[in-house]
Amino acid sequence: MNSSHPASSATVVPFVRRPVPHRRRFAWLRSLFYALGGLVLLVAIVLAGALLWLRGAARAALPQIDGEIHLGSALSAPVVVQRDGHGVPHIEAASQNDLFVAQGYVTAQDRLWQMDIYRRNAAGNLAEILGPQLVEHDKAQRVLGFLRVAQRIYANASPDDRARLDAYARGVNLFIAQHQDSLPPEFRLLHYAPQPWTGVDSLLVGTMMIDELDSHWVTKLAREKIAAKLSTLPNGAQLEAALYPTGSWRDHPPTGEVVDMTKPQPVNTNEDDTTASLNVHRLLATLGLPDCDGCAPGSNNWVIAGAHTASGKPLLANDMHLSITVPNIWYMADLKAPGYHAAGVTLPGLPMVIAGHNEHVAWGFTALYADVQDLYIEKLDGRGNYQALDGTWKPLEADREVIHVRGAPDVTVNVQSTDHGPLLNPILHNEQQAIALKWTLYDPTQNSLPIYAMNTAANWDEFSAALKQWCWPTQNLVYADDTGHIAYHAIGSVPIRPAGLQGVPIAGAQHEWQGYIPFDSLPNSVDPPSGFLATANSRVTTDKSPYPLTLEWADPYRIERIYKLLEGRDRLKPADMLATQTDIYSEVDQEMAYRFAYAIDHSAPNNKRLEQAANLMRSWDGRLTTDSAAASVVTQARDALWPLLLEPKLGKLAGDYRWAEKTFAEEQIVMNASPEWLPPGYKNWDDLLTEAVRRGLKKGNAPHDLTKWAYGSWHVIDIEHPLSQFLPMVGHIAGTGALPLSGDGTTVKQVGRAFGPSQRFTMDWSGVDGSTENISLGESGNPYSPYFRDQWKDYYNGTTFALPFTQAAVAANTRHTLRLEP
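Residues numbered from 1 in each chain as written. Predicted model: local features only at pLDDT ≥ 70, side-chain atom pairs only at ≥ 80, totals over all residues. Heavy atoms only, no water.

Asker: Describe in detail unusual backbone geometry, supporting the description with residues and values.
Answerer: Cis geometry is adopted by the peptide bond preceding P327, which originates at V326 and carries an omega value of -10°. Topologically, P327 is positioned in the loop between β5 (315–323) and β6 (331–337). In this structure, A673 is a non-glycine residue whose phi angle is positive, near 45°. (Helix = DSSP H or I, 4+ residues; strand = E, 2+ residues; numbered from the N terminus.)

Asker: Could you give me a rundown of the sheet that holds β6, with the residues and numbers involved?
Answerer: Taken in spatial order, the 11 strands make up an open sheet running β1-β25-β2-β3-β6-β7-β8-β9-β16-β17-β18, and their pairing is mixed. Across the chains shown, the open sheet's two edge strands, defined by having one partner strand only, are β1 (67–70) and β18 (524–526). For this sheet the average axis-to-axis angle between neighbouring strands, irrespective of direction, equals 20°. Relative to strand β16 (residues 475–481), strand β9 (residues 361–367) runs antiparallel, the two being bridged by seven bridges. In the sheet register, A367 faces β16, and the bridge partner there is Q475. Most of the contacts of helix α3 (residues 96–123) go to β6, to which it runs at about 160°, and overall it touches β1, β2 (79–83), β3 (89–92), β6, β7 (340–346) and β25 (816–821). (Pairing = 2+ DSSP bridges. Axes fitted to C-alpha atoms, helices over the stretch in contact; angles between N-to-C directions. Contact = heavy atoms within 4.5 Å.)

Asker: Got a sec to walk through the pairing of strand β15 (residues 434–439)? Specific residues and values, please.
Answerer: Each regular strand carries side chains that alternate between the two faces of the sheet. When you tally the buried positions in β15, you get six out of six residues, the bulk of the element. What you see with β15 is no split at all: A434, A436 and K438 on one side and I435, L437 and W439 on the other are buried throughout. Bridge count between strand β10 (residues 373–378) and β15: six bridges; the pairing is antiparallel. Across the sheet, the residue bridging to Y376 is A436, located in β15. (Buried < 20%, exposed > 50% of the residue type's maximum accessible area, 1.4 Å probe, protein only.)

Asker: Please give an account of the nonpolar core that cites residues and values.
Answerer: One finds W217, W330, F365, L424, F463 and L820 to be the most contacted residues of the largest nonpolar core, which totals 156 residues. With 14 residues, the top contributor of residues to this core is α3. What L820 contacts, discounting residues up to four positions off in sequence, is I69, L71, L75, A77, P78, V79, V81, A102, Y105 and V106. Grouped together as the second largest cluster of nonpolar side chains are 55 residues, L243, W620, A665 and Y711 included. (Core = buried A, V, L, I, M, F, W, Y, C linked by side-chain atoms within 4.5 Å.)

Asker: I'd like a description of the packing of helix α17 (residues 587–603) against helix α21 (residues 685–699), backed by residues and values.
Answerer: Closest axis-to-axis distance for the α17/α21 pair is 8 Å, and the angle between their directions is 110°. In terms of their interaxial angle, α17 and α21 are classed as roughly perpendicular. In this structure, the crossing between α17 and α21 has a hand that is left-handed. In this structure, α17 contributes R595, F596, Y598, A599, I600, H602 and S603 to the contact, and α21 contributes W685, D686, D687, L689, T690, A692 and V693. Among the residues making up the contact of α17 with α21, the classes are represented as eight nonpolar, three polar and three charged. (Parallel < 35°, antiparallel > 145°, perpendicular 65-115°, else oblique. Left-handed = near helix turned anticlockwise from the far one by under 90°. Nonpolar A, V, L, I, M, F, W, Y, C, P; charged D, E, K, R; others polar.)

Asker: Any chance you could break down the packing of aromatic side chains for me, citing the residues and the numbers?
Answerer: Any two aromatic rings considered together are summarised by their centre-to-centre distance and by the angle between their planes. Applying the stated rule across the entire model yields 18 aromatic pairs. Three or more aromatic residues joined by ring pairs form one cluster here, namely Y244, W642, Y657 and W659. (Phe/Tyr/Trp six-rings, centres within 6.5 Å; stacked < 30°, edge-to-face > 60°.)

Asker: Any details on the packing of α17 against helix α19 (residues 629–650)? Residues and values, ideally.
Answerer: Put simply, α17 and α19 touch, their axes get as near as 10 Å, and they point 80° apart. Taken as axis vectors, α17 and α19 run roughly perpendicular relative to one another. On the side of α17, the interface is formed by D589, M592, A593 and F596, while α19 contributes V634, T635, A637, R638 and L641.

Asker: Break down the confidence of the model for the protein chain for me, with residues and values.
Answerer: For the protein chain, the average pLDDT comes to 92, and 91% of its residues sit at 70 or higher. Contacts from residues 1–17, a stretch scored under 50 in pLDDT, to residues over four places away or in other chains number zero contacts. Considering only residues more than four positions removed or in separate chains, one finds that residues 260–273, a stretch of pLDDT under 50, has 25 contacts. (pLDDT = per-residue confidence, 0-100.)

So this is what it looks like as structure tokens:
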């Protein structure tokens with residue numbers, strides 16, 4: 001049977017992608033968004049929790065400033081601590097021993113973590129708490145041997161001085177013992193506790209200050225390399241002399257004598273290859289020393305006899321220029337016990353008053369810049385020996401230092417020393433020569449820092465007798481007393497070098513030291529006819545001085561301006577002192593502005609942008625205000641000029657050039673228009689200076705309309721907490737943030753981003769309670785204390801306030817009273 005079925009044919013239905021609903025298509029994006037949102041929320045919660053924890057920890061660490069605290073057998077009688085409206089402690093004790101115990105305790109209340117970080121900084125123990133990035137710094141401190149120095153000074157101190165150091169340490173340790181559960185928040189953030197304080201620790205803190213004020217050896221190393229490079233060029237000696245002036249025609253030594261410019265100082269270079277870059281910026285950062293134009297540690301001080309004041313009594317002013325930190329390097333205090341009453345600024349970790357006044361005398365400091373360090377090129381035999389001065393071979397002294405590093409293995413440093421001092425090679429990269437550092441700080445016969453005798457002196461005879469014992473750092477000191485006398489004296493142990501000062505490392509035995517300059521042969525003046533004495537780190541010697549002190553003085557512009565503002569004036573008042581301290585006029589900046597404008601007029605007359613720059617500079621009054629556009633143009637042009645001058649001659653060494661009179665060197669090079677300094681490719685100096693302005697505008701990101709280029713838009717002060725680079729959260733809470741900053745490195749108000757006056761003091765002997773003192777931030781190191789930043793407004797705005805001293809004034813200004821009981 002023939003059965004028939006319909007033909008079976010498969011119908012192929014093409015696959016058609018169905019549209020995905022809109023909601024499903026973006027589901028993964030929503031999931032990602034929710035995940036990211038959750039992550040952000042989680043981070044926000046963690047940060048909020050961290051901030052709440054930090055605030056709680058900080059509030060728990062706030063000190064008790066009212067009521068009673070018992071210190072047991074450390075005290076023989078009660079001590080009263082009255083805090084004024086700025087939290088400054090006025091401590092009165094029945095004995096000096098009790099006074100220094102109380103000073104240690106009270107300072108620890110406000111600054112314990114700062115004290116601990118200071119001793120760790122000097123001893124080379126920062127990596128133990130902050131990790132591997134501090135190893136190089138710690139290595140440098142171990143090589144420089146500050147702990148060994150502090151131990152030596154303590155061992156050689158008089159019994160009375162050791163007793164004061166030990167009393168202070170007892171007070172600190174009592175505070176630590178009583179507050180193990182409420183230590184400053186930094187300890188809790190870093191998960192460590194402070195070790196007991198010792199007298200050696202106090203001296204360690206002192207060596208930190210000595211290092212900052214007396215260290216110039218890095219400049220000597222850099223100069224050796226630069227001098228060697230310049231010696232290969234025509235007129236190399238003249239080029240070097242221009243870069244390294246010693247003093248200037250602008251100087252005003254506190255002797256009343258007029259001085260001429262010092263003749264160029266010859267420098268002996270070595271035959272070894274010294275042209276490799278030293279990387280001075282990195283080395284200074286490792287050493288923890290400031291590095292910016294115009295921010296070499298310095299200060300201003302002056303004293304005016306009663307014949308020139310409105311009251312008929314002397315006025316003394318002092319503002320010490322240092323790195324500005326959180327908290328401030330100084331801690332204000334008023335200390336009183338039988339036979340002792342002094343007030344002013346103290347150094348946290350060190351007993352007594354560093355700068356200030358007592359009931360009869362007042363004093364203030366600036367850095368002298370005396371040369372107390374020499375570098376020696378040593379001959380080694382490769383078998384652990386060096387060649388001594390007598391030609392014999394002696395074994396190197398060797399110390400094995402172990403640096404504990406948080407989160408990493410320990411690091412061992414072998415410190416080797418000759419008779420001159422430690423070999424610096426472990427901290428000098430690419431240095432082929434064996435370089436030893438000789439420093440007065442290492443001299444075992446130098447162990448005196450007569451702060452107590454200064455604090456208790458009643459007249460110039462007693463005060464100057466104390467100054468004779470001062471070893472380091474070298475300082476300019478001005479003095480005024482309640483009987484009307486004024487004085488100035490350079491202080492500190494300065495070596496006698498019969499063969500002359502050397503600005504580079506020394507090879508050979510002809511430059512050994514021969515004792516120290518006698519105290520009476522250091523620059524000094526008592527009750528001068530002018531009735532005015534001032535210093536600002538510039539040259540204090542004259543051609544008649546029996547001994548040279550240094551090759552490197554600071555720029556002369558601050559001292560020149562101080563003299564112009566104050567010398568010859570009568571009826572001066574404390575307000576005139578503050579106005580001078582905060583003065584922001586720069587003669588050299590104005591002079592350079594006029595020269596830049598002239599150059600543009602003759603080199604680029606048809607360039608509208610440069611013409612606008614020239615017009616701003618030629619009409620400028622020389623004041624570096626935060627709203628000044630001309631200040632932006634000239635300072636950026638000056639900064640851009642240096643590479644144009646140095647790089648054609650020094651190449652990679654250009655970045656290593658440092659000199660405290662660098663600005664004066666620039667001024668003289670430009671104003672003399674020396675042909676040997678004109679780089680290839682420029683027809684004349686007008687073309688070169690115009691190019692400097694052009695580059696300054698570009699580098700500074702100047703706006704199209706230069707009138708809107710406010711100086712304070714980029715020239716700022718930004719004070720940071722030491723932990724801000726490790727824990728940004730701390731920086732946001734404790735730092736000031738970037739704020740417009742007037743002045744520069746050449747103004748009396750000498751400033752940089754984190755550098756400037758660390759305090760401002762004016763002593764008025766017509767009314768001791770009207771004398772003023774303020775620091776940059778406040779007394780407390782705790783961001784949640786009312787005294788953490790209460791002085792900032794006065795500091796930033798250039799105002800100040802009185803520091804009470806007499807019993808009646810202290811009582812009238814007391815806001816809190818704490819009794820420390822046995």
